[in-house]
Each structure stands twice: as structure tokens, then as C-alpha cells.
Amino acid sequence: TPPTRTDIPETKSPVVTPKTKPLPAPSRPKDLSISAGAKTIDFNRYAWRSDIATVKIPDGVTTIGGYAFAFCENLVRVELPKSVTHIGNSAFYGCKKLEFVTFRTDSPAPTDFTFENKERIIGKEAFSGCTMIKRIEISDRVTSVKKSAFFGCANLTEIELPKGLIAIGKEAFD
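Summary of the structure given here. (Residues numbered from 1 in each chain as written. Predicted model: local features only at pLDDT ≥ 70, side-chain atom pairs only at ≥ 80, totals over all residues. Heavy atoms only, no water.)

### Examining the side chain of Ser-148
1) Next: Its place among the elements puts Ser-148 in the loop between β11 (142-145) and β12 (158-160).
2) Next: Ignoring sequence-local partners within four residues, the contact set of Ser-148 consists of Glu-125, Ser-128, Lys-170, Glu-171 and Ala-172. (Helix = DSSP H or I, 4+ residues; strand = E, 2+ residues; numbered from the N terminus. Contact = heavy atoms within 4.5 Å.)

So this is what it looks like as C-alpha cells:
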């Protein structure tokens, strides 16, 4: 049977003063290592991570899924292998400190954002809100830049588009 009011002994509650612990020092953003052998960076895989400063995606990865790195507030640099053929919708959306995105190629001097080699698609809002990107150079292999791919990239001042580009979505570079 449940206790009744008379069954519960009266006690004075002691005053509890929690011991305060110092807050841990904020961790510094660091390099993210992705395992060799991966083929896809899954949807939302690293989104909202504040501990990532740089990402070097290994050779063999072909797809970066939607929102894969969205809102990584301290992400500054991304290095993609030439095997990447698709960057999903909003893959780097809201990465406000993202400044350098390079595709590893045989070229000795990569640019801020360069696509080379295989046919490629830049997904809807893929780099939307990446306010630090200043320059984009896209090779002839890119066939489509989807809607709002670079929307809100406030510091973007140079765009070099390829002759072979078939489609540019609405507000792709607004």
C-alpha cells in the first residue's frame, strides 16, 4: 500500500550548496580525419560540430551527403579528393568561417574553390551562408550548379564559370 501522510517522518531538509567546478577550457577546433575506404559522407554526419577546423576527405569518397557539414561554425578549410562527383544539398550550409575549399588535383597551386576532372554537381544550398568564400573557379567538368548553391556568400567577388556548364539554379550566386 502507498504511504500515507502520517507514515512519512518529518525531517528538516539540509541546505545543499553544490560545489562549483570550473568550466572546462573550450576545446580548440582541430583537423577532422575521415577513415580511408569511405565512399560517402552521410547526410547530417558532422553537422553542428564546433570542434572541426579543417577537413581532408580521403580519396575514394564520391559523395558528400546533404547537410554533412552544415553549421560547423569553426570550419575554415575543406580539402576534397578528385573522386568527389556530388556535393549534396546544404552540405556546407551556414559554415560562416569556411574560407578555403579545394579539390586535390595534379595542379601545384589549388585555388580557393576549384572543381577538376570528373563531371560534378554542386547541390542546392551546398555552400549557402559561407560568408568567407571570396573566389570560385569551376572547371568544364561541372554540369550543374543547383539553386542557391552559393547564396549568402557575402565576400564572394570572383566567379569563373566553365563553358560546359549546362544549368545554373535560381539565386545560385546571390
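There's more to say after this.
### A short note on the pattern of salt bridges
1) Next: A complete count under the given rule lists 4 salt bridges for this structure.
2) Next: Residues Asp-51 and Lys-30 are paired through a salt bridge, measuring 3.4 Å at the closest nitrogen-oxygen approach. Linking Asp-51 in the loop between β2 (40-41) and β3 (52-56) with Lys-30 in strand β1 (residues 30-33), this pair joins segments that are 21 residues apart in sequence.
3) Next: Residue classification places Lys-30 among the partly exposed residues on the basis of a relative accessible area of 45%. (Salt bridge = Lys/Arg side-chain N within 4 Å of Asp/Glu carboxyl O. Buried < 20%, exposed > 50% of the residue type's maximum accessible area, 1.4 Å probe, protein only.)

### Thoughts on the nonpolar core
1) Next: Ranked by internal contacts, the top residues of the largest apolar core, which has 37 residues, are Ile-64, Phe-69, Leu-75, Phe-92 and Phe-127.
2) Next: When residues of this core are traced back to their parent elements, those giving at least two are β3, β5 (77-80), β10 (135-138) and β11.
3) Next: Residues within four places of Leu-75 in sequence aside, it is in contact with Ile-52, Ala-53, Thr-54, Val-55, Phe-69, Phe-92, Cys-95, Lys-97 and Leu-98. (Core = buried A, V, L, I, M, F, W, Y, C linked by side-chain atoms within 4.5 Å.)

### Overview of a nonpolar patch on the surface
1) Next: On the surface, a nonpolar cluster with roughly 240 Å² of combined accessible area is contributed by Ile-159, Leu-161 and Ile-168.
2) Next: Structurally, the position occupied by Ile-159 is in strand β12. (Patch = residues over 30% accessible without salt bridge, like charges linked within 9 Å, V, L, I, M, F, W, Y side chains within 5 Å. Areas by Shrake-Rupley, 256 points an atom, 1.4 Å probe, with all protein chains shown as cover.)

### What about the packing of aromatic side chains?
Centre distance and the angle of the planes are the two values used to describe a pair of aromatic rings.
1) Next: With the rule as written, the count across this model stands at 8 aromatic pairs.
2) Next: For the pair Phe-92 and Phe-127, a centre-to-centre distance of 5.0 Å together with 5° between the ring planes defines the contact as stacked. With Phe-92 in the loop between β6 (86-87) and β7 (100-103) and Phe-127 in the loop between β9 (120-122) and β10, this residue pair connects regions lying 35 residues apart in the sequence. Each member of the pair, Phe-92 as well as Phe-127, is classed as buried.
3) Next: Ring centres 5.4 Å apart and planes at 5° place the aromatic pair Phe-150 and Phe-173 in the stacked group. (Phe/Tyr/Trp six-rings, centres within 6.5 Å; stacked < 30°, edge-to-face > 60°.)

### Looking at the pairing of β11
1) Next: Of the strand pairs in this sheet, β9 and β11 are connected by 3 bridges, and their pairing is parallel. In the strand pairing of β11, Arg-120 is matched with Val-142.
2) Next: Two elements, β11 and strand β13 (residues 167-168), share 2 bridges in a ladder whose sense is parallel. Following the sheet pairing, Ser-144 is matched in β13 by Ala-167. (Pairing = 2+ DSSP bridges.)

### Regarding the pairing of β5
1) Next: By the alternation rule, side chains of β5 split into Val-78 and Leu-80, which are all buried, and Arg-77 and Glu-79, of which none is buried.
2) Next: Across 3 bridges, β3 lies against β5 in parallel orientation. Bridge pairing links Thr-54 to Arg-77 in β5.

### Points about the sheet that holds strand β4 (residues 63-64)
Within a sheet, neighbouring strands are paired by backbone hydrogen bonds and run either parallel or antiparallel to one another.
1) Next: Strand order in the open sheet formed by 6 strands is β2-β4-β6-β9-β11-β13, and the pairing between neighbours is parallel. A strand with exactly one partner marks an edge of an open sheet, and here the two such strands are β2 and β13.

### Topic: unusual backbone geometry
1) Next: Despite not being glycine, Asn-44 has its phi angle at roughly 65°, a positive value.
2) Next: In this fold, Asn-44 is placed in the loop between β2 and β3.
3) Next: Positioned with a positive phi, Ser-90 is a non-glycine residue whose angle comes to about 60°.
4) Next: Its place among the elements puts Ser-90 in the loop between β6 and β7.

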